[in-house]
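# Working through the structure, step by step
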Amino acid sequence: PGQPMYFATAFQLGGVASGIVAESNMGRPTKLDGNPDHPGSLGGSNVLAQASVLDLYDPDRSQVVTNAGLVSSWDMFLNQFIVEVSAQGLTGGSGLRVLTETITSPLMKAQLATLLENNPDAKWIQYEPVNRDNAREGALIAFGEDVNPVYHFDQAKVIVSLEADFMAPGTPGDVRYAHDFAAMRRVRNGGTPEMNRLYVAESTPTITGTMADHRLPLKSAQIKGLALALAAAVGADVEAPADLHGVPDEWIAAAAADLQEHAGQSLVLAGPGQPPIVHAVAHAINQVLGNAGQTVTYTDPLEVSTNQTESLRELVDDMNNGKVSVLVIIDANPVYNAPGDLNFAEAMQNVNYRVRLGLFEDETSALCQWHVPAKHYLESWSDGLAYDGTVTLTQPLINPLYPVSKNANEILAAMIGAAGSADFDLVHDYWAKQSGAANFEKLWRESLFNGFIADSAPAPKSVNFDPNRVRSKSVIEARQPAAAEGLELVYRPDPGVFDGRFANNGWLQELPKPHTKLTWDNAALISPRTAEKLGVASEDMIILDVNKRTVFAPVWVTPGQADDSVTLHLGYGRTRAGRVGDNIGANAYKLRASDAPWFDPALEIRRTSDTYKLASTQLHWQMDGRHIVKEGTLEMYKEDPHFVEHIGEHEADPNLTLMPPEWEYNSYAWGMVVDLAACNGCNACVVSCQAENNIPVVGKEQVLVGREMHWMRVDTYHEGNIDNPETVYQPMMCHHCEQAPCELVCPVAATVHDHEGLNVMVYNRCIGTRYCSNNCPYKVRRFNYLHFSDEVTESLKGQRNPNVTVRTRGVMEKCTYCVQRISRGRIAAKNENRRIQDGEVMAACQTACPTNAIVFGDLNDPNSAVAQAAAQPQNYSVLAELGVWPRTSYLAKLNNPNPALETTVAHDGEHG
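Everything in this summary refers to the structure shown in the same document.

Rules used in this analysis
All residue numbers refer to position in the chain's written sequence, counted from 1. Restriction of local features to residues with pLDDT of at least 70 applies here, the model being predicted, together with a cutoff of 80 or more for giving and counting side-chain atom pairs; totals for whole chains, interfaces and linings are based on all residues. Where side-chain values are given, they derive from all heavy atoms of the structure, hydrogens and water being excluded. Only DSSP runs of H or I covering at least 4 residues are called helices, and only runs of E covering at least 2 are called strands; the numbering of each starts at the N terminus. A 1.4 Å probe rolled over the protein chains alone gives each residue an accessible area, and that area as a share of the maximum for its type sets the label: buried under 20%, exposed over 50%, partly exposed in between. Here a residue-residue contact requires only that any non-hydrogen atoms of the pair lie within 4.5 Å. Positive: Lys, Arg. Negative: Asp, Glu. His and the chain ends are not part of the count. To locate a charge, take atom NZ for lysine, CZ for arginine, CG for aspartate or CD for glutamate. We call two strands paired when DSSP finds no fewer than two bridges between them. Lines are fitted to the C-alpha atoms to define the axes, a helix being fitted only along its stretch in contact, and any angle between axes, read from their N-to-C directions, falls within 0 to 180 degrees. An angle counts as roughly parallel when it lies under 35 degrees, as roughly antiparallel when it exceeds 145, as roughly perpendicular when it falls between 65 and 115, and as oblique in every other case. Polar here means any residue other than Ala, Val, Leu, Ile, Met, Phe, Trp, Tyr, Cys and Pro, which are nonpolar, and Asp, Glu, Lys and Arg, which are charged; Gly is therefore polar. Among buried residues, the Ala, Val, Leu, Ile, Met, Phe, Trp, Tyr and Cys ones that are joined through side-chain atoms within 4.5 Å form a nonpolar core. In this analysis, rings of Phe, Tyr and Trp, with Trp reduced to its six-membered ring, are considered paired at centre separations within 6.5 Å, and the interplanar angle assigns stacked below 30 degrees, edge-to-face beyond 60, and tilted for intermediate values. Throughout this description, the term charge over a ring refers to an Arg CZ or Lys NZ atom that lies within 6 Å of the ring centre and within 35 degrees of the ring normal. Contacts described as polar in this section are N or O atom pairs within 3.5 Å, which, within protein, must combine one atom able to donate a hydrogen with one able to accept it, while residues neighboring in sequence count only if both atoms come from side chains. Our working definition of a disulfide is a cysteine sulfur pair at a distance within 2.5 Å. Throughout this description, the term salt bridge denotes a Lys or Arg side-chain nitrogen within 4 Å of a carboxyl oxygen of Asp or Glu.

## A closer look at the overall build of the protein chain
Within the protein chain, the regular secondary structure consists of 25 helices and 38 strands. When each of the 912 residues of the protein chain is scored for burial, the buried share is 63%. Partitioning the contacts of the protein chain with sequence separation of at least 6, the portion at a separation of at least 24 is 75%. Charged side chains in the protein chain number 71 positive and 108 negative. The centres of these two groups are separated by 4 Å.

If you want it as structure tokens, here you go:
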């Protein structure tokens, strides 16, 4: 007890495996962080991986095998299952269908290949709503084959994103890409400072777009014209549209010139929602500029290459025509997330024998005769491929909480005559056979320790770019005008619940979305100008109508949203998610069409007289004249590295104070520095802090009255034109002030200063006066008004960190700089008669950050990373004029705008 153990495993989403290290306390996984040795994470993570540990302990998880809604057993299911599958084998499997999500697991692909070999007329369908169909078709145009592009942002000096949110959680490679991108944004003393430059064209604000030096809000339908015009401007042989419908010529000219100037060191990429021609054109630009082989390389696709939407449509047709008699669904939830025009639920009723393996008994399981509970990945052995093809291993941290649960490998084993095989044996034996090495057991143990098989990523392959095919397709597309008039509806995965699979995760439901700060809902995001035209305001209820399919949704007026483009995030409107996720928000899948899965120009909006209350954790986006965020340009830094000293108020005179004398620190002086140039607002730090410190979920009603409990938050500020403002994110946690205003006003000394500079909370002294919160200039203290911590639900107890007190009602809470981690490091160092080494103690927010924007350590050590960061000329303290001398400071945000374009960068910190 008190000594955690750490194991490498993998979190998979969309078939792509991310390496993580799981912390286990007394046999219970309680915290997840990125694997520092894994090429896909390099120690960072995202909100979805951080929060996935909560799903392990979800009390709504499926716990028993059910048949027609009644409790059954694995043996009864297996006996009937084998009979049904075997009967299909007598006819070549013509009536057998297996539906999965995207699969990159080498073992699962081998099992399915064996199944199809034994049943040549059977079909395997892959489908999930966030797929790469457009990217696949674009590669076929450009190269005549599907490929997996691997981007090297650490080599790119100029980047153009065509609605590609490459840093968004759930995007393949997002953690590595965010890390590499941010590495090119850092400016430090010494040498000639350089930064990359990012151009982004997008319809709705994203974390990638808000990091851009030049962001262009456009309807999704307009980006095709922009891509063709940009390609023509850099010398690609494509046909540019005659009318770009308002796309600014100067933006295209400046971006094209910048790309050409940095040929071989630039990069253009397209998002999954853009049509195939945009992907093909992005490939063409990279080929013309010599970026291929430098900033982008290509490998074989990670999954078996298919058009998922077309495959699902064929399955629906087969079910409607009575061609399917056995349907096995593994993890997928098509009854909920299939396009609305396919009517999957209705078609599935025509199948006589329906089986689903799933973590929850959800919408699809409800329409299947048999439901088998799935193992959580932290209970399971499996394998998968990272974004670059590295073979990544998933090993369990705990025995299955519900012994009857199975994983996909075990279900498929039963279908190919290996029923009863354990998932460990399946994975181990497969790789033993693949390796053929005499010393395989040594390799196996090393790979489990590392979390991946070393040097298993495929080498880049040569591709044959076909300019004629791209040219021919561009001519066709250029003559099809973009929908310049009317409204379009844009579908995007939600920043929290993603495609809906995390809807029952309270951490993600209550996590404020980066740009809007909404919790517990989705909303129709509408630009200010469009809202004015439609006569609607935030929280007005409207009807979204797409080809006579309708849903109700509240409005949220969003700065930076493209005019006449309305975004509705996927993942809401669940009906069988569980006690947390049911009946929240609007179901965008009801509107989504299989031939327009990402944006649809057929949107009509009708006003209603109703309103709907939305819970946002940030009530305004202004700084009220205070210079909370300081920023400037790269050129400003080159002219004067200390430019932040000329912005806003100066630090207070330490002699003019009523506070006690300055503290002396003879051992450690803990502090933190946050680099605003690297922070993209992804919120991984917020969820990591929640997992580490047993922070409870309070629910929408309490968020509405300002009682959210997060110990840290990420503030969002806008500057400039409301139609396309610059956005800055600022993590805000307890600043552990040297002259802490909270300490002076506590009548019972519940908040005190310690000998290492921490502002410490003594919970059993606190009587709830909340004077400390009132006196805190940063508003980072949270009062536990009600008994938010669930101490009754048995399964939830397993997730909690045993080294952090579980608070009850009436206690003030706040960031502690993860004092439990400091204590653990201090004990280890004392036992070895040494000082704590730099980097030995890391705060939870720091370990999660994919961009390394947060640095923590001992300010007394001049060689520590935090001391060196604090010594940078662009370092500043928020509200330094108050004289509270905070231990948390910030590096000013730097931008690198193109002088050829008019900029809106604030030089004076005046955001609003």
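Back to the text.
## So, the environment of Gly293
With respect to the element layout, Gly293 can be found in the loop between α8 (276–288) and β13 (296–299). Take Gly293: its relative accessible area is 47%, and that puts it in the partly exposed class. Each C-alpha atom of the pair Gly293 and Val150 lies 9.8 Å from the other, and the pair is 143 residues apart in sequence.

## Let's talk about helix α5 (residues 174–183)
Among the 10 residues of α5, 9 are classified as buried, and the element is accordingly described as predominantly covered. Along α5, the positions that sit buried rather than exposed are Asp174, Val175, Arg176, Tyr177, Ala178, His179, Asp180, Phe181 and Ala182. The inward-facing, buried residues of α5 contact β8 (148–151), β9 (158–162) and β10 (197–202).

## Observations concerning the sheet that holds strand β35 (residues 854–858)
Taking strand neighbours across the sheet as the criterion, the 4 strands line up as β35-β28-β37-β36 in an open arrangement whose pairing is mixed. Because the sheet does not close on itself, it has two edges, and the strands there are β35 and β36 (875–876). Relative to β35, strand β28 (residues 670–675) runs antiparallel, the two sharing 5 bridges. When the sheet's bridge partners are listed, Val673 is paired in β35 with Val855.

## Thoughts on the packing of helix α2 (residues 74–89) against helix α12 (residues 408–415)
Orientation of α2 relative to α12, taken along the N-to-C sense of each, is 50°, at an axis distance of 9 Å. Here α12 runs oblique to α2, going by the angle between their axes. Residue-level contacts link Trp74, Phe77, Leu78, Phe81, Ile82 and Val85 of α2 to Ile411, Ala414 and Met415 of α12. Tallied by class, the residues present in the contact of α2 with α12 amount to 9 nonpolar, no polar and no charged.

## Some remarks on the pairing of strand β24 (residues 565–569)
Burial within β24 is extensive, with 5 of its 5 residues counted as buried. Residues Ser565, Thr567 and His569 of β24 are buried on one face, and the alternating residues Val566 and Leu568, pointing to the opposite face, are buried as well. In this structure, strand β19 (residues 487–492) lies alongside β24, joined through 5 bridges in parallel fashion. Bridge assignment links Val490 to a residue of β24, and that residue is Thr567. Summarising the sheet, strand β21 (residues 524–526) and β24 pair through 2 bridges and their orientation is antiparallel. In the sheet register, Leu525 faces β24, and the bridge partner there is Thr567.

## Regarding the sheet that holds strand β22 (residues 540–546)
The mixed closed barrel is built from 6 strands, whose spatial order is β19-β24-β21-β23-β22-β25. With strand direction ignored, the average angle separating the axes of adjacent strands in the sheet is 45°.

## Regarding unusual backbone geometry
Here the phi dihedral of Met26 falls at roughly 55°; this positive angle occurs in a residue that is not glycine. Tracing the sequence through the fold places Met26 in the loop between β2 (16–25) and β3 (28–34). The residue Asn583 is not glycine, and still its phi comes out positive at about 55°. Within the secondary structure, Asn583 sits in the loop between β24 and β25 (599–611).

## Structural notes on the nonpolar core
Phe153, Leu162, Phe166, Leu226, Met672 and Tyr778 are the most contacted members of the largest nonpolar core, which has 190 residues in total. Contacts of Tyr778, omitting those with residues within four sequence positions, involve Arg713, Met732, His735, Cys737, Val878, Leu879, Val884 and Pro886. By size, the runner-up hydrophobic cluster in this structure holds 28 residues, among which are Phe77, Leu112, Trp124 and Ala408.

## Examining the side chain of Ser877
Mapped onto the secondary structure, Ser877 falls in the loop between β36 and β37 (888–891). For Ser877, a relative accessible area of 15% puts it in the buried group. If we skip the residues at most four places from it in the chain, Ser877 touches Glu651, Pro886 and Ser889.

## A closer look at helix α6 (residues 223–233)
Judged by how many residues are buried, α6 sits mostly within the fold: 9 of 11 residues are covered. Listing the buried residues of α6 in full gives Ile223, Lys224, Gly225, Leu226, Ala227, Leu228, Ala229, Leu230 and Ala231. Buried residues in α6 make contact with β9, β10, β11 (214–217), α7 (249–261), α8 and α15 (467–478). Following α6 by one or two positions, Gly235 adopts a phi angle in the positive range, close to 105°.

## Some points on the packing of aromatic side chains
For any pair of aromatic rings, the description rests on two quantities: the centre-to-centre distance and the angle between the ring planes. Taken as a whole, this structure holds 24 aromatic pairs when the rule is applied. Joined through ring pairs, the aromatic side chains of Tyr151, Phe153, Phe166, Tyr177, Phe181 and Tyr387 make up one cluster. Above the ring of Trp74, the side-chain terminus of Lys406 is found at 4.8 Å from the ring centroid. For Arg770, the ring lying beneath its charged end belongs to Phe783, and the centroid distance is 5.1 Å.

## Observations regarding the environment of Asp838
Considering the arrangement of structural elements, one finds Asp838 in the loop between α23 (819–831) and α24 (844–848). The class for Asp838 is partly exposed, based on a relative accessible area of 38%. It is 38 Å that separates the C-alpha atoms of Asp838 and Gly264, two residues lying 574 residues apart in sequence. Excluding residues that lie within four positions of it along the chain, Asp838 makes contacts with Asp861, Asn863, Ser864 and Ala865. In terms of polar contacts, Asp838 uses its side chain to reach the backbone amide nitrogen of Ala865, at 3.0 Å.

## Let's talk about the state of the cysteines
With the rule as written, the count across this model stands at 0 disulfides. With no disulfide partner, Cys845 has as its closest neighbouring cysteine sulfur the one in Cys818, 6.3 Å distant.

## Focus: the side chain of His735
Looking at the element boundaries, His735 is found in the loop between β30 (726–732) and α21 (741–745). Using a relative accessible area of 1% as the deciding quantity, one classes His735 as buried. Aside from chain neighbours lying at most four places away, what touches His735 is Tyr778, Tyr817, Val878, Pro886, Arg887, Thr888 and Tyr890.

## Digging into the pattern of salt bridges
For the structure on display, the rule yields 48 salt bridges. Here Arg471 ties to Asp237 by a salt bridge, and the two come within 3.6 Å at their closest N and O atoms. Taken together, the positions of Arg471 in helix α15 and Asp237 in the loop between α6 and α7 put the pair 234 residues apart, joining distant regions of the chain. Arg471 is paired through a salt bridge with Glu239; the nearest N and O atoms lie 3.2 Å apart. Linking Arg471 in helix α15 with Glu239 in the loop between α6 and α7, this pair joins segments that are 232 residues apart in sequence. By relative accessible area, Arg471 is classed as partly exposed at 28%. Owing to a relative accessible area of 27%, Glu239 belongs among the partly exposed residues under this scheme. A network of salt bridges, in which partner residues are shared, links Glu101, Glu128, Asp499 and Arg501.

Structural measurements only, silent on function.
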